[in-house]
Amino acid sequence: MKKNKTKLFYIENYGCQMNVSDSEIITSILLKNGYVLSESLEKANIILLNACSIREKAELTIKKRLEQLQYLKKEKDKKTIFGVVGCFSIPIKNFLFKEKIIDFLVNPDSYKEISNIISYAMMGKKYFFIENKNETYADIIPFHLNKNKITTFLSITRGCNNMCTFCIVPFTRGREKSSNPYFIINECKRLYKNGYKEITLLGQNVDSYRWNENFLNENIKKIEIDFSNLLYLIAKEIPFMRIRFSTSNPHDMSDKVLKVISKFPNICKHIHLPVQSGSNKILKLMNRKYTREKYLSLIHKIKTIIPECSISHDIITGFCNEEEKDHKDTISLMNEVKYNYGYMFYYSSRPGTYAYRKLKDNVPINVKKKRLKEIIDLQKKHSFFRMKKYLGEVQEVLIEGESKKDSQYWYGRNTQNIVVVFPKKNNKIGDIAFVKITKTTSATLIGK
Ligand code: SAH
Ligand code: F3S
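I will try to describe carefully the structure that is included in this document. (Residues numbered from 1 in each chain as written. Chains lettered and ligands numbered in written order. Predicted model: local features only at pLDDT ≥ 70, side-chain atom pairs only at ≥ 80, totals over all residues. Heavy atoms only, no water.)

## With respect to the packing of aromatic side chains
- Under the defined criterion, the tally for this structure stands at 8 aromatic pairs.
- With a centroid separation of 5.9 Å and 35° between ring planes, the pair formed by Tyr 290 and Tyr 295 is classed as tilted. Note on accessibility: Tyr 290 and Tyr 295 belong to one class, buried.
- For the ring pair Tyr 341 and Tyr 343, a centre distance of 6.0 Å and an interplane angle of 85° mean the geometry is edge-to-face.
- Residue Tyr 341 is classed as buried on the basis of its relative accessible area, which comes to 17%.
- Judged by its relative accessible area of 43%, Tyr 343 falls in the partly exposed class. (Phe/Tyr/Trp six-rings, centres within 6.5 Å; stacked < 30°, edge-to-face > 60°. Buried < 20%, exposed > 50% of the residue type's maximum accessible area, 1.4 Å probe, protein only.)

## Considerations on the site of ligand 2
- All residues adjacent to ligand 2 are Cys 160, Asn 162, Met 163, Cys 164, Phe 166, Cys 167, Val 169, Pro 170, Gln 204, Asn 249 and Arg 288.
- By residue class, the composition of the shell around ligand 2 is 7 nonpolar, 3 polar and 1 charged. (Near = heavy atom within 4 Å. Nonpolar A, V, L, I, M, F, W, Y, C, P; charged D, E, K, R; others polar.)

## What about the pairing of strand β19 (residues 432–440)?
- Across 5 bridges, strand β16 (residues 394–402) lies against β19 in antiparallel orientation. Note on β19: the bridge partner recorded for Leu 398 is Ile 432.
- Of the strand pairs in this sheet, β19 and strand β20 (residues 444–447) are connected by 3 bridges, and their pairing is antiparallel. Bridge pairing in β20 links Thr 440 to Leu 445.
- In sequence, β19 turns back onto β20 through a hairpin of 3 residues. (Pairing = 2+ DSSP bridges. Helix = DSSP H or I, 4+ residues; strand = E, 2+ residues; numbered from the N terminus.)

## Focus: the pattern of salt bridges
- The full count for this structure, using the stated rule, is 28 salt bridges.
- Ionic pairing is found between Glu 187 and Arg 190, a salt bridge with its closest N-O pair at 2.9 Å. With Glu 187 and Arg 190 both in helix α6 (residues 181–193) and 3 residues apart, this pair spans about one turn of that helix.
- Through salt bridges that share partners, Glu 198, Arg 242, Arg 244, Glu 400 and Arg 413 make up one connected network. (Salt bridge = Lys/Arg side-chain N within 4 Å of Asp/Glu carboxyl O.)

## Topic: the sheet that holds strand β3 (residues 46–51)
- With respect to topology, 5 strands assemble into an open sheet ordered β2-β1-β3-β4-β5, the strand pairing being parallel. Of all strands in the sheet, those with a lone pairing partner are β2 (36–37) and β5 (104–106), marking the two edges.
- Of the pairings in the sheet, the one linking strand β1 (residues 8–13) to β2 comprises 2 bridges and is parallel in character. Paired with Phe 9 across the bridge in β2 is Leu 37.
- Along the sheet, helix α1 (residues 17–32) makes contact with β1, β2, β3 and β4 (81–86), crossing β1 at roughly 170°. (Contact = heavy atoms within 4.5 Å. Axes fitted to C-alpha atoms, helices over the stretch in contact; angles between N-to-C directions.)

## Observations regarding helix α3 (residues 90–98)
- By the burial criterion, the buried members of α3 are Ile 92, Lys 93, Leu 96 and Phe 97. Looking down the long axis of α3, one finds its buried residues gathered within 130° of arc, a one-sided arrangement. In α3, the exposed positions angled more than 90 degrees off the buried face are occupied by Ile 90 and Lys 98.
- As for α3, its buried residues are in contact with α2 (56–68), β4 and β5. (Arc of directions from axis to C-beta.)

Written out as structure tokens, the structure reads:
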């Protein structure tokens, strides 16, 4: 009889933190089904790429990588199969299959079927992919892949209902679904018991987290848990765990959430609040559901309720119909807020989205890039301005690992999610260090 070959899988991650968290769910499911996690790409016979289609560039990266890896298929005595999981647009899916680059594909709602799908693929059957629209994976304990075993991610919502006109996420990840709060709290407790010191709660739009529970009990008939309740419960139950969350949509962020953040020292004082544009005309075209004025008043509220809070952003330049004056509005908004940091992109039209179907991608690429450079340069100035304020201050830093640049230094982050590096002493990964800041770049604080 033929000996059963070990199913060695290797997983390579692209895209957002949600994909990292999904890779942990996939790993957990595969390990339970008798697969073995391989640290080496060359040794593995099942190669998974957790893909991202958010921008055209991300998709091209996946395509190139898959093409580059095809040599593994030609190796003697080894049948390597390739699968793509995660977010992918329909055109890239068709391309990958047509060109016979991949053997199978699994969308984010179907990971529970991944073992069956791989078995089919190993038998030469392809094109297998199903969908379960209510999947939250609440019953799967993720296999946390982060090597430091100190910080990790946990998804609390999946999908998105917001339908921003530029965004492919509602198409690749489906409608929004929230995970059971009991599962979330238990998983946080389990992680804490296992030595984890920081957890980042993930969702495309964490503020729209909602869980309803109906009881037969006479007195309590119905309980609704929203994001502020969830944060409160986790922060209270696990007081020494640092808690972060991402992403907040300005449209859904409530005062209740801000009050909970301000009340608990273990909830980190940082909010990622993508604005996308400073122009009301563009915000409307993007279907962002808030105005520049509303956004700025939210920023004001954050600074009033949580004065030490750092704020970061996402901005897109060159969206459909963006004129110079809209771009100037974005610049003036940035000047008003002076964000601590941000992620900036030029617009790329994504198949299937409203903007792709109904709006003209009419800003020339060189203009998109020029505007992008301008806001990146401005952000650098603002980051530097914010960072200078830390000089001479003592920061509470959770040590996450060795600095990549110098093994004599530790690397960690303060509550505002700013990276701090400092010389090693008698401390170890997972300790809290109090670091006096002596130098700064626009992205890193250096201290002792
Ligand atoms: N739910 C998240 C969005 C995830 S996508 C949020 O609200 O932050 C991350 C970022 O990618 C978005 O905030 C946006 O700035 C950028 N992005 C999304 N689609 C894009 C596109 N078609 N072109 C360029 N940037 C895009
Ligand atoms: Fe995308 Fe907007 Fe949702 S950016 S993920 S549709 S909040």
